Structure formats: C-alpha cells, structure tokens
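Take a look at the letters that make up each chain.
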Amino acid sequence: MKNIITIEEMKDAPFHEVTRLDCEDEMLVFTAPVMGKGTTAFIPLAQGATLVYFGGTPDQPYRLRYSQYFQDKIMVSLMISGTSSHLLGEQVTQRMQQGMSFIYSTGRDTSYITYPAGKRFEIASLVFEPSVFEQCLDRFFDGHEVAKKDALKTAIFQDNATGQTFDIAQEVKIVIRQVMGCRLRGNFRRVFLECKLFELLAHYFQSISDSPDASIVFSSAEITKLQQIKKALTEASSMKISIQELCRTYGINRFKLHMGFQGLFNTSVIRYYRQQLLRKAHEQLAAAACNISEAAVESGYNNTAAFSRAFLKEFGYRPSMVKKCVLGKS
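Remember, predicted model here, so these are calculated numbers, not experimental data.

*Asks:* Report on the overall build of the protein, specifying residues and quantitative values.
*Replies:* Summing up its helical and strand segments, the protein has eleven helices and 14 strands in all. For the protein, the C-alpha radius of gyration of 20 Å lies close to 20 Å, the compact-globule estimate for 330 residues. Taken along its principal axes, the extent of the C-alpha atoms in the protein is 55 × 50 × 50 Å. Evaluated residue by residue, the protein yields a buried proportion of 46% over its 330 residues. Sequence separation of at least 24 residues holds for 65% of the intrachain contacts in the protein that already meet a minimum separation of 6. Surface summary for the protein: the accessible area is close to 16700 Å², and the carbon and sulfur share equals 51%. The average position of the 39 basic charges and that of the 33 acidic charges among the side chains of the protein differ by 7 Å.

Put into structure tokens, the structure is as follows:
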C-alpha cells in the first residue's frame, strides 16, 4: 500500500480536467492525480447554511485538510457511500462507514479526512454558522424538549471530546440527491433549497432523536442479533431472504425482530432490505455492470416500470438518470 499523501489545500492538487456543471453554484467534475475522478459542489441552502458535496474514486490513498474551510462552523458530516477516517483535532480519530454521520464543531484546530485508494465514496456535509445551527435547533425542539436538544448538543464532537455517531435515515440521502439534481434558477431555486434544508434537518433530527420503545426490553444478546441481521441484509446479494428465515437463523421472534429493528435503526426490516437491493442496483447501474431490465430482476421486480417507480422514490431520479445525476455525465 502506498503512503498516504497529505493535501493541505485543494489548489495544491494539480487537475488534468475541471468541468463546471450547468447550475448556479460551484459544482465541478474533476480529474486529478492522487484524487482520481470525482465531483465537488458548494451549494448555499440558506443564509449561513451550505451543503458541501464531495465524491470520487481516489487513485492513491490521501488525506485532505478541511478545517481551514469550515473554521468556527458547525458541520454535520454524512457518509453517503464508501468509507473515510476523520482526524478531529489532535486526538480524536473517527472512522466512518456508509450510512454513518456525526456533528462536529470545528474550532481553531487542524482536521483531516482520509480516503482509501480505489474505492468510490460520497460524502456530504451541512456547514452552519453556529448561530444559524442554534436557530435551527430552536425550530425543531421547543421548550418542552430541552432534554432532546441538550442530548444532541452533548453528541457533538468538539475540541478533543469524542461525540457520537448516528445512522443516516434514507430520506436524508434522498433530499441530498434532490438538491444535487436541482436545476431551478433565481428565486425559484432559492426557495426550493431553503425548503430542502429544513426537510433534510427534519428527517435527520428525527432519526437521531428516536429511540426504542421503553416498554419493550431488549437484552444485549438480542441487540447483537439485530445488528447482525442488519449486516446480513446490507451484504445480501439477492432477494432470497424471508422474515421466517431471519427469525430461524438468528433465534429471534417476529415481534422483537420488527419492533427492535424499527427502534434501533428507525426503519422496518422489509423497507431496509428493499433499500439495500435498490442501492446495489444503483451501484451496478453506475458501474455499467448491468442494464435496467437486469437490475429490475435482481431487485425482485416483475417489470422495469415498477422498478423505475421504486428507484425514483428511493433516490429522487429514475434509473436512466444514474450517470447524469451521480457521476456528472450527460
């Protein structure tokens, strides 16, 4: 494995090609040594709140210093796909996998994010002025929910204190895709993006605030089984899995499977499994490893029309638009 290359400034990485996409914000497709091919975008959602998107497939392992861009800001980091490792300040290291997130208060520290070579990743960050982030919290947590608001603040990575990671609800990913695919202009775009900011935060805050029903008790062994089931569903390569089979394989009853999965992961077993099949179909289509008809069959759909509707609902665009929306290709 090659040594990790450190990039202190984006301008220090020479680019073979940089293409600006047709929108009002800085959305660029690039080809660069070390960093490989990718897309980057800075999209203001509202005053004091910006969506920062970065995706690509590195040619070599590298780490990028990002604290200089987000100094004295609140950052919600969302790992959409792939893996990364964050060095927050001098002591805290946080490894991120697909579907994980955390909130970080970037002070006057030096923070880096590291990406492995040859693996595609997508990461999105919501970057707030601290006062704007506080105002957003006030809109979602009223005076009767002080405990929830304080718990969220406690979960923030700050200075050398380790915060807390969260699972990303699928709705959060959908809203990000919709923002990335928006081609409205002027005031239409401004209003659309501001609405999407609060829609995104609504899904995100709800997903990290929800907890299992306190009246249902789960043992540590049962929680471990639920985590194993989620991993199995994530790694499943076909649609040949049933609730009955999961209960029998992992020794858990249907009630606790459904209630526990919903409580721990904020989604149902069936919905999560269907999302994973659609995600795999998305990856296959992006890599040109199959056509839409083949992807539909592999995902358990009898016809491409039903598959296309489910795909649109999940990702915000149809299968035929995968390369244009995700890879920036026309």
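*Asks:* Which residues make up the sheet that holds strand β6 (residues 62–65), and what values do they have?
*Replies:* Strand order in the open sheet formed by five strands is β1-β6-β11-β8-β9, and the pairing between neighbours is mixed. Of all the strands in the sheet, just β1 (5–7) and β9 (92–96) have a single pairing partner and so form its edges. Shown here is a sheet whose adjacent strand axes are inclined to one another by a mean of 20°, direction ignored. Judged from the three bridges that link them, strand β8 (residues 84–88) and strand β11 (residues 112–115) form a sheet pairing that is antiparallel. When the sheet's bridge partners are listed, His86 is paired in β11 with Ile113.

*Asks:* An account of the confidence of the model for the protein is needed here, citing residue identities and associated values.
*Replies:* Scored by pLDDT, the protein has a mean of 86; 93% of the residues are at 70 or more. Mean pLDDT across the elements of the protein ranges from a minimum in helix α11 (residues 322–326), with 69, to a maximum in strand β12 (residues 121–128), with 96. This model gives residues 211–215 a pLDDT under 50, and the stretch forms three contacts once residues within four places in sequence are excluded.

*Asks:* Requested: an account of the packing of helix α3 (residues 170–180) against helix α4 (residues 186–209), with residues and values cited.
*Replies:* For the pair α3 and α4, the least separation of the axes is 9 Å and the interaxial angle reads 165°. If you check the angle between α3 and α4, you find them roughly antiparallel. Between α3 and α4 lies a crossing of left-handed hand. For the pair formed by α3 and α4, the contact residues are Glu171, Val172, Val175, Ile176, Gln178 and Val179 on the first element and Phe192, Leu193, Lys196, Glu199, Leu200, His203 and Tyr204 on the second. The residue makeup of the contact of α3 with α4, split by class, is eight nonpolar, two polar and three charged.

*Asks:* Which residues make up the pairing of strand β10 (residues 100–106), and what are the values?
*Replies:* For a regular strand, side chains alternate in direction, first toward one face of the sheet and then toward the other. Here β10 lies mainly inside the structure; seven of its seven residues are buried. Bridge analysis of strand β7 (residues 73–81) against β10 gives six bridges, and the strand direction is antiparallel. Residue pairing across strands places Leu78 opposite Ser101, the latter belonging to β10. The pairing of β10 with strand β14 (residues 165–167) spans three bridges and is classified as antiparallel. Residue pairing in the sheet places Phe102 in a bridge with Thr165 of β14. In terms of strand pairing, β10 meets strand β13 (residues 157–158) through two bridges, oriented parallel. Bridge pairing in β13 places Ser105 opposite Gln158.

*Asks:* Just give me the short version of the packing of helix α6 (residues 243–250) against helix α7 (residues 254–265), but keep the residues and values in it.
*Replies:* Axis separation between α6 and α7 bottoms out at 10 Å; the angle between their running directions is 100°. In this view, α6 runs roughly perpendicular relative to α7, as classed from their interaxial angle. Between α6 and α7, the residues in contact are Ile243, Gln244, Leu246 and Cys247 and Arg254, Leu257 and His258, respectively. Residues belonging to the contact of α6 with α7 are distributed by class as follows: four nonpolar, two polar and one charged.

*Asks:* Provide a residue-level description of the packing of aromatic side chains, including the pertinent values.
*Replies:* According to the stated counting rule, one finds 22 aromatic pairs in the structure shown. Ring centres 5.6 Å apart and planes at 70° place the aromatic pair Phe54 and Phe121 in the edge-to-face group. Of this pair, Phe54 sits in strand β5 (residues 49–57) while Phe121 sits in strand β12, and the two are 67 residues apart along the sequence. In terms of burial, Phe54 and Phe121 fall into one category: buried.

Thresholds applied
Residues numbered from 1 in each chain as written. Predicted model: local features only at pLDDT ≥ 70, side-chain atom pairs only at ≥ 80, totals over all residues. Heavy atoms only, no water. Helix = DSSP H or I, 4+ residues; strand = E, 2+ residues; numbered from the N terminus. Rg over C-alpha atoms; globule rule 2.2 N^0.38 Å. Buried < 20%, exposed > 50% of the residue type's maximum accessible area, 1.4 Å probe, protein only. Contact = heavy atoms within 4.5 Å. Areas by Shrake-Rupley, 256 points an atom, 1.4 Å probe, with all protein chains shown as cover. Lys, Arg positive; Asp, Glu negative; His and termini not counted. Charge placed at Lys NZ, Arg CZ, Asp CG, Glu CD. Pairing = 2+ DSSP bridges. Axes fitted to C-alpha atoms, helices over the stretch in contact; angles between N-to-C directions. pLDDT = per-residue confidence, 0-100. Parallel < 35°, antiparallel > 145°, perpendicular 65-115°, else oblique. Left-handed = near helix turned anticlockwise from the far one by under 90°. Nonpolar A, V, L, I, M, F, W, Y, C, P; charged D, E, K, R; others polar. Phe/Tyr/Trp six-rings, centres within 6.5 Å; stacked < 30°, edge-to-face > 60°.

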